[in-house]
Amino acid sequence: MRQAGVLGMNQRNFDYVQGFNDRRLYPVVDDKVRTKEMCAEAGVPTPETLAVVTQLHEIRSLETRLEREDAFVIKPARGSQGNGILVATDRCDDHWQRASGRPITREDLHFRVCEILSGLYSLSGQPDHALVEECLHVHPSLSQVVHGGVPDLRVIVFRRHPVMVMLRLPTRAADGRANLHQGAIGVGLSLIDGRPLGAVCESSPIEIHPDTNARLADIEVPDFAGLLRIATVAGTFSELGYVGVDLVLDAERGPVILELNARPGLAIQLANGAGLARRLSWLDEAIDESAPLEDRIDLARRAEIECRGRTRTSFSPACSSHVR
């Protein structure tokens, strides 16, 4: 793995998470409510907040508030890996619906918020807040690819430079969520032009979306350069040296930051068919953290070329025929 440039869990934790992330910054990125406040300060857009529930007695007023909404997302403020997230994508009579079509009743909503407040899904197991946000809309260019939910991008930012990118696609199995741990698909994208390089689902290579039959090698992410810039700005503003930035290209609002992660997972390497260690090492030697944003992104693209080559892809020739 070391020869292949793959970053392992121990090296990630010791050399990058501990080595480049000041622990005093963790409370901000570990709490989605505080992350949104930080993004607002940086001028970076985030989803509209519909409510923040901190006490059990607030649940009844939340139910009343959501009667006016056809779609929304409830998530634990200090959760991880998509655990505890409830996505309502539509309304039907006296209940809402998940992406899979399963109903969400008022009792389901009440129970989920109680679970979140108890800390069942929080990183530390401590009591948590329930964050309720607007449901973002799939960009038309990606609407034929996904089943329910909204795809998002995970960008690893190292010392103010983007390093690796993955598009995460919800599936029926993931119930509208874009988290790989919940059964979503990860599609590695080239930093150079956003073209797909490979894809995985449940840690196995995949070329066709199981719900839509879309060829993953044919995906074209609109405004990829703009998404990369927004992610890099958010990662830089966090002051963390090694951070995962999740963002969505909303159909109406454009790029929107979802959250930041001080301990981003390593599956992005599987999706890209490339290791992070070699690229991080190359960048660490060449980085100028004071360089302008566009220069930092150009350097990250050079790192990709130097460490893997411009045309390499794990998609089969039939699926990647448009990649030159």
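A brief structural summary.

How each quantity is defined
- Residues numbered from 1 in each chain as written.
- Predicted model: local features only at pLDDT ≥ 70, side-chain atom pairs only at ≥ 80, totals over all residues.
- Heavy atoms only, no water.
- Phe/Tyr/Trp six-rings, centres within 6.5 Å; stacked < 30°, edge-to-face > 60°.
- Helix = DSSP H or I, 4+ residues; strand = E, 2+ residues; numbered from the N terminus.
- Buried < 20%, exposed > 50% of the residue type's maximum accessible area, 1.4 Å probe, protein only.
- Expected span 1.5 Å × (residues − 1).
- Pairing = 2+ DSSP bridges.
- Salt bridge = Lys/Arg side-chain N within 4 Å of Asp/Glu carboxyl O.
- Core = buried A, V, L, I, M, F, W, Y, C linked by side-chain atoms within 4.5 Å.
- Contact = heavy atoms within 4.5 Å.

## What about the packing of aromatic side chains?
Think of a pair of aromatic rings as described by two things: how far the centres are apart, and how the planes are tilted against each other in angle.
Reasoning step 1: The tally for this structure, following the rule as stated, stands at 5 aromatic pairs.
Reasoning step 2: Ring geometry for Tyr 16 against Phe 20: centres 5.9 Å apart, planes inclined by 20 degrees, an arrangement best described as stacked. Placement of both Tyr 16 and Phe 20 in helix α1 (residues 9–20) is noted, with a separation of 4 residues, approximately one turn of the helix.
Reasoning step 3: For Tyr 16, a relative accessible area of 9% translates into the label buried.
Reasoning step 4: Taking 5.2 Å as the distance between ring centres and 85 degrees as the angle between the ring planes, the aromatic pair formed by Phe 72 and Trp 96 counts as edge-to-face. A residue pair is termed long-range when its members are at least 10 positions apart, and Phe 72 in strand β2 (residues 72–76) and Trp 96 in strand β5 (residues 95–97) qualify at 24 residues. With respect to burial, Phe 72 and Trp 96 carry one shared label: buried.

## A look at helix α6 (residues 224–237)
Reasoning step 1: The end-to-end C-alpha separation of α6 is 20 Å, in line with the 20 Å expected for 14 residues at 1.5 Å each.
Reasoning step 2: Taken as a whole, α6 has its buried residues at Phe 224, Gly 226, Leu 227, Leu 228, Ala 231, Thr 232, Ala 234, Gly 235 and Thr 236.
Reasoning step 3: Looking one or two residues beyond α6, the residue adopting positive phi is Glu 239, at roughly 70 degrees.

## A few points about the pairing of strand β10 (residues 185–189)
Reasoning step 1: β10 sits mainly inside the fold: 5 of its 5 residues count as buried.
Reasoning step 2: Pairing geometry for strand β9 (residues 161–169) and β10, over 5 bridges, is antiparallel. Along β10, the bridge assignment pairs Leu 169 with Ile 185.
Reasoning step 3: Sheet analysis places β10 next to strand β11 (residues 196–201), joined by 5 bridges and oriented antiparallel. In the sheet register, Leu 189 faces β11, and the bridge partner there is Pro 196.

## A word on unusual backbone geometry
Reasoning step 1: Positive phi values are uncommon outside glycine, yet Asp 93 reaches one of about 55 degrees.
Reasoning step 2: Mapped onto the fold, Asp 93 is located in the loop between β4 (90–92) and β5.
Reasoning step 3: A positive phi angle is found at Arg 159, which is not glycine, with a value near 50 degrees.
Reasoning step 4: Its location among the elements puts Arg 159 in the loop between β8 (152–158) and β9.
Reasoning step 5: Accessibility expressed as a relative area gives 18% for Arg 159, which makes it buried.

## So, the pattern of salt bridges
Reasoning step 1: Per the counting criterion, the structure on display carries 24 salt bridges.
Reasoning step 2: Lys 75 is paired through a salt bridge with Glu 133; the nearest N and O atoms lie 3.1 Å apart. Pair noted here: Lys 75 is in strand β2 and Glu 133 is in strand β7 (residues 130–134), with a separation of 58 residues, a long-range link. Exposure class is identical for Lys 75 and Glu 133. Each is buried.

## Regarding the nonpolar core
Reasoning step 1: Ranked by internal contacts, the top residues of the largest apolar core, which has 63 residues, are Leu 169, Ile 219, Tyr 242 and Leu 276.
Reasoning step 2: Top contributing element to this core by residue count: β9, with 6 residues.
Reasoning step 3: The residues contacting Leu 276, other than those within four sequence positions of it, are Gly 5, Leu 7, Val 163, Met 164, Tyr 242, Leu 266, Ile 268 and Gln 269.
Reasoning step 4: The next biggest cluster of nonpolar side chains, apart from the first, holds 19 residues, and it includes Leu 62, Ile 74, Leu 117 and Tyr 121.

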